[in-house]
Each structure stands twice: as C-alpha cells, then as structure tokens.
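Tertiary structure, described
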Amino acid sequence: QVQLVESGGGLVQAGDSLRLSCAASGRIVSNYAMAWFRQAPGKEREFVAAVRWSDGFTKYKDSVKGRFTISRDNAKSTAYLQMSSLKPEDTAVYYCARAKNPWGIPSRIDSYNYWGQGTQVTVSS
C-alpha cells in the first residue's frame, strides 16, 4: 500500500504563486510516475503534470506549460507542484496520484491507482 498526503493549497490572487506538496509513504518503488490531477466544480478530473520518479522526466498539460513545474525529492519521498502566474481557471481541488505500472509516465486517470485526499486551490480575479 502507498499513502499520499497533499498539502499547500489555499486562496491566492491571480498572478500569485503556490507550491503543492505530496508526501508519499508505504511501499514506495522508485520507478513509478507521480502525477497531479485537478477537478473543478462541475467538471471531470483532469491531468495536470507528471514526473517519473527514477529520472525526473516530466509531462504537462498544455495550458500549464511554462507556469507549473513538477518535481520530486527522493530523500523526502515527496512530489511538488510549483504553480506560478495562477489564473482563476486554475481553481480546483488538486490531487496527487501514483501510477499503477512502472516506467511509463501516463496522463490517463485510469493509469493511476493510488490517490491523495486532495487540496483546494482557489484563485481570485
């Protein structure tokens, strides 16, 4: 089992920055991808960014490229999502997740089987 705990959400103004953290514990294996998804009210959960734990390779949703940066700290078993130039449309509950299978860096929701409880990010205009 893997446990994921997100933190760092909050209320910010448009243009501000925020860093989310996802602390992992349990049976962590280093060659799995970790990802951030988000879900806005009335919308489906969507992929935001992913990082392959073994080599740090990353993937991003087009609308966050250049504004968001995903990273991981192996020693702390923690993944991060640094968000800058935030927009009201970034408002959502942000979830971290760990991939089902090793080596890949998927963006499909059904490719992930461990999820955190979510952290709310609200961006005011």
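**Some remarks on the sheet that holds strand β3 (residues 18–26)**
The 4 strands are arranged β1-β3-β8-β7 in an open sheet whose pairing can be described as antiparallel. Edge positions in the sheet fall to β1 (2–7) and β7 (68–73), since each has one partner strand and no second. For this sheet the average axis-to-axis angle between neighbouring strands, irrespective of direction, equals 15°. When β1 meets β3, the two strands line up antiparallel, connected through 6 bridges. Bridging across to β3, Val-2 finds its partner in Gly-26.

**Focus: the state of the cysteines**
All told, the structure shown has 1 disulfide when counted by the stated rule. Disulfide partner of Cys-22: Cys-96, at an S-S distance of 2.0 Å. The sign of the S-S torsion, about 60°, decides the handedness of the disulfide formed by Cys-22 and Cys-96: right-handed. Of this pair, Cys-22 sits in strand β3 while Cys-96 sits in strand β9 (residues 92–99), and the two are 74 residues apart along the sequence.

**Looking at the environment of Ala-23**
Positionally, Ala-23 belongs in strand β3. Look at Ala-23 and you get partly exposed, because its relative accessible area is 36%. Excluding its chain neighbours within four sequence positions, the residues that come into contact with Ala-23 are Gln-3, Leu-4, Val-5, Ser-77 and Thr-78.

**Details of the packing of aromatic side chains**
One pass over the structure, following the stated rule, counts 3 aromatic pairs. Between Phe-37 and Phe-47, the aromatic rings sit 5.7 Å apart at their centres with planes inclined by 75°, giving edge-to-face as the arrangement. Here the residue Phe-37 occupies a position in strand β4 (residues 33–39), and Phe-47 occupies one in strand β5 (residues 46–52), the gap between them amounting to 10 residues. Residue classification places Phe-37 among the buried positions, given a relative accessible area of 0%. Of the residues examined, Phe-47 reaches a relative accessible area of 11% and is grouped as buried. Stacked on the ring of Tyr-95, the Lys or Arg Arg-45 has its end atom at 3.6 Å from the ring centre. Above the ring of Tyr-32, the side-chain terminus of Arg-98 is found at 3.8 Å from the ring centroid.

Rules used in this analysis
Here the residue index of a chain counts from 1 through its sequence in written order. Only residues with pLDDT of 70 or above have their local features reported here, since the model is predicted, and side-chain atom pairs are shown and tallied only from 80 upward, although totals for entire chains, interfaces and linings are computed over all residues. Side-chain descriptors were evaluated using all non-hydrogen atoms of the structure, hydrogens and water having been removed beforehand. Two strands qualify as a pair provided that DSSP identifies no fewer than 2 bridges between them. Secondary structure elements follow DSSP: runs of H or I no shorter than four residues count as helices, runs of E no shorter than two count as strands, and numbering proceeds from the N terminus. Interaxial angle, 0 to 180 degrees, is taken between N-to-C directions of lines fitted to C-alpha atoms, where a helix line uses only the stretch in contact. Only a pair of cysteine sulfur atoms within 2.5 Å qualifies as a disulfide here. Note on exposure labels: buried denotes an accessible area under 20% of the residue type's maximum, exposed denotes more than 50%, and partly exposed covers the range between, all computed with a 1.4 Å probe on protein chains only. Any two residues having at least one pair of non-hydrogen atoms within 4.5 Å are treated as being in contact. The rule is short: rings of Phe, Tyr and Trp, with Trp giving its six-membered ring, pair when the centres are within 6.5 Å, and they are stacked under 30 degrees, edge-to-face over 60, tilted in between. Only lysine NZ and arginine CZ atoms are considered, and such an atom sits over a ring when it is within 6 Å of the ring centre and within 35 degrees of the ring normal.

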